[in-house]
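# What the coordinates show
Take a look at the letters that make up each chain.
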Amino acid sequence: MQTNIFLKHKHLLDHVRRNRTIMPMMVGIDLHDICNFKCVHCYVKYKFDNGSRGLSLEKLKRLFRDLADYGVMSLNLTGGETLARKDLGELIATAREYGLYCCLRTNALLLDSEQLVELRKLGLDEMVISIYGMNNEEYEAVTGRPNSWTRINQSVERAVATDLNLRLRYVALRQNYRSVGEYCRWAQGLGLDSEHRYVTWDIYPDNKGNMQTAEQSIPDELMGEFLSLLQQDDPELYAQMFPKDHSFSMCSVGRNLVHIDSEGNVHPCPNFPLAVGNINEQSFSQIWEESEQLQRIRAIKKEDLSCSGCGNRNSCYQRCIGAFYTWSAGKTWTESSPQYCSSKHSVAAHVSEGGCGSCGVGMQPHSTQESRAIS
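Residues numbered from 1 in each chain as written. Predicted model: local features only at pLDDT ≥ 70, side-chain atom pairs only at ≥ 80, totals over all residues. Heavy atoms only, no water.

## As for the overall build of the protein
The line we're drawing: Helical segments are the DSSP runs of H or I of at least four residues, strand segments are the runs of E of at least two, and each set is numbered from the N terminus. Accessible area is worked out with a 1.4 Å probe on protein chains only. A residue is then buried under 20% of its type maximum, exposed over 50%, and partly exposed in between. Throughout, a residue-residue contact means that at least one pair of heavy atoms, one from each residue, lies within 4.5 Å. Computed with the Shrake-Rupley method and a 1.4 Å probe, the accessible areas treat only the protein chains shown as cover for residues.
Summing up its helical and strand segments, the protein has 14 helices and nine strands in all. Looking at the 375 residues of the protein, the share that counts as buried comes to 54%. Long-range contacts, defined here as pairs at least 24 residues apart, represent 71% of the contacts in the protein between residues at least 6 apart. Carbon and sulfur atoms make up 46% of the accessible area of the protein, which amounts to about 16500 Å² in all.

Structure, rendered in structure tokens:
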């Protein structure tokens with residue numbers, strides 16, 4: 001079974017992260033905002049009625065060439081729904097021509113046998129299918145689309161039979177979290193190892209600061225039930241997601257990855273809706289090298305984060321400064337919020353030996369310093 005480029009070269013990624021090397025290894029691109037789902041948790045859902053059709057084919061081809069010339073290794077193509085873009089095949093062919101590892105993210109509703117054969121011939125390196133439930137009722141509750149699970153189940157089975165490098169991503173929400181065990185058993189039954197099946201549940205306010213999106217996340221009081229189901233039905237994946245040697249560290253946002261939306265705005269990552277430049281106005285290299293906001297983000301050290309003053313920081317998994325930014329409605333990227341800390345505590349209370357302890361969650365962020373507002 002094939003593996004993701006960064007899992008294949010994990011030693012390189014570990015070296016880059018450990019040494020805080022500034023190197024653009026992966027770039028995500030929203031091909032457009034058009035989608036056949038209207039997911040309750042989607043951070044760009046307010047654009048879908050009048051969605052951007054994205055950067056032109058020629059603009060994207062030039063961008064792919066520039067990214068390859070600058071040393072980018074991997075493209076993460078997302079949306080909107082990527083399969084709804086008519087020139088998708090030409091884009092994938094161009095990415096492969098320039099030697100870029102090409103990962104396509106999709107909800108798989110439009111995925112048919114003919115497309116699978118074409119994607120295989122084009123040399124698509126990886127496909128990630130997001131899963132929003134394990135029955136039609138859960139799917140409709142999340143996506144607003146009735147009877148979609150039946151079609152997607154068939155699409156996934158076809159993709160497995162085509163022998164594409166497939167990864168499944170279960171998006172756990174308050175509407176579907178109880179089906180996580182069924183998902184794990186289903187994915188294992190398809191022959192997908194723990195590198196090719198995973199689960200995510202961190203849901204933030206949307207890119208307009210609207211809390212309605214975050215309200216779709218699993219409530220803190222139910223997080224233990226969700227994690228128990230995951231641990232019971234997929235102990236291998238659970239151990240991989242929550243390693244016992246976990247420690248407080250910084251992510252690679254803005255240092256090894258950036259994200260470009262459908263209007264050309266460059267963001268530190270897809271979960272960090274701060275525009276640091278626009279490729280319609282500047283070259284990628286100019287933005288990467290000269291953006292003052294990127295330089296400020298790269299200069300952040302662990303001790304600058306409010307988490308550094310928290311005695312439970314080593315029990316906090318998947319910490320995200322982009323989440324700091326969205327939870328604060330764009331006011332800060334170094335200070336956590338009571339809501340975000342509470343969600344992290346609900347996880348740590350289950351996965352960490354002895355629980356997470358207490359640092360005033362629900363009363364104030366863990367901070368020993370004044371909040372650093374963004375000017």
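## Concerning the packing of aromatic side chains
Applicable threshold: Each Phe, Tyr or Trp ring, with Trp reduced to its six-membered ring, pairs with another whose centre is within 6.5 Å; inter-plane angles below 30 degrees give stacked pairs, above 60 give edge-to-face pairs, and intermediate values give tilted ones. Two thresholds decide whether a charge sits over a ring: the Lys NZ or Arg CZ must be within 6 Å of the ring centre and within 35 degrees of the ring normal.
Applying the stated criterion to the full structure yields 16 aromatic pairs. Look at Y183 and W186: their rings are 6.4 Å apart centre to centre, the planes differ by 55°, and that puts the pair in the tilted class. Here Y183 and its partner W186 are both found in helix α8 (residues 180–189), three residues apart, which amounts to about one turn of the helix. There is no split in this pair, since Y183 and W186 are both buried. With a centroid separation of 5.9 Å and an interplanar angle of 65°, the aromatic rings of F272 and W333 are classed as edge-to-face. Within this pair, whereas F272 is found in the loop between β8 (265–267) and β9 (277–278), its partner W333 is found in the loop between α13 (321–327) and α14 (338–351), the two being separated by 61 residues in sequence. For F272, a relative accessible area of 0% translates into the label buried. What makes W333 buried here is its relative accessible area of 5%. Within the aromatic cluster, the residues linked to one another by ring pairs are F37, Y132, Y139, W149, Y170, Y183 and W186. Over the ring of W288 we find R298, and its NZ or CZ is 4.3 Å from the ring centre.

## Some remarks on the pairing of strand β7 (residues 257–260)
Worth spelling out the cut-off: By the convention used here, strands pair only if DSSP detects at least 2 bridges between them.
Burial of β7 is two-sided: the residues L257 and H259 facing one way and the residues V258 and I260 facing the other way are all buried. Two strands pair when backbone bridges link them, and strand β1 (residues 26–30) and β7 are joined in this way by four bridges, in the parallel orientation. Across the sheet, the residue bridging to V27 is V258, located in β7. Two strands pair when backbone bridges link them, and β7 and β8 are joined in this way by two bridges, in the antiparallel orientation.

## Remarks on helix α4 (residues 88–97)
The complete set of buried residues in α4 reads L88, G89, L91, I92, T94 and A95. In this fold, the buried residues of α4 make contact with α3 (57–70), β2 (74–78), β3 (101–106) and α5 (113–122).

## Topic: the packing of α4 against α5
To keep things clear, this is the line we draw: What counts as an axis is a line fitted to C-alpha atoms, over the stretch in contact for a helix, and the angles between N-to-C directions run from 0 to 180 degrees. Between 65 and 115 degrees an angle is taken as roughly perpendicular, under 35 as roughly parallel, over 145 as roughly antiparallel, and anywhere else as oblique. Left-handed describes a crossing whose near helix is turned anticlockwise from the far helix by less than a right angle; the clockwise case is right-handed. The classification used treats Ala, Val, Leu, Ile, Met, Phe, Trp, Tyr, Cys and Pro as nonpolar, Asp, Glu, Lys and Arg as charged, and all other residues, Gly among them, as polar.
It is at 9 Å that the axes of α4 and α5 come closest, and there the two elements cross at 20°. By the angle between their directions, the pair α4 and α5 is classed as roughly parallel. Here the hand of the crossing between α4 and α5 comes out right-handed. Judged by residue contacts, G89, I92, A93 and R96 of α4 engage E118, L119 and L122 from α5. Residues that form the contact of α4 with α5 fall into these classes: four nonpolar, one polar and two charged.

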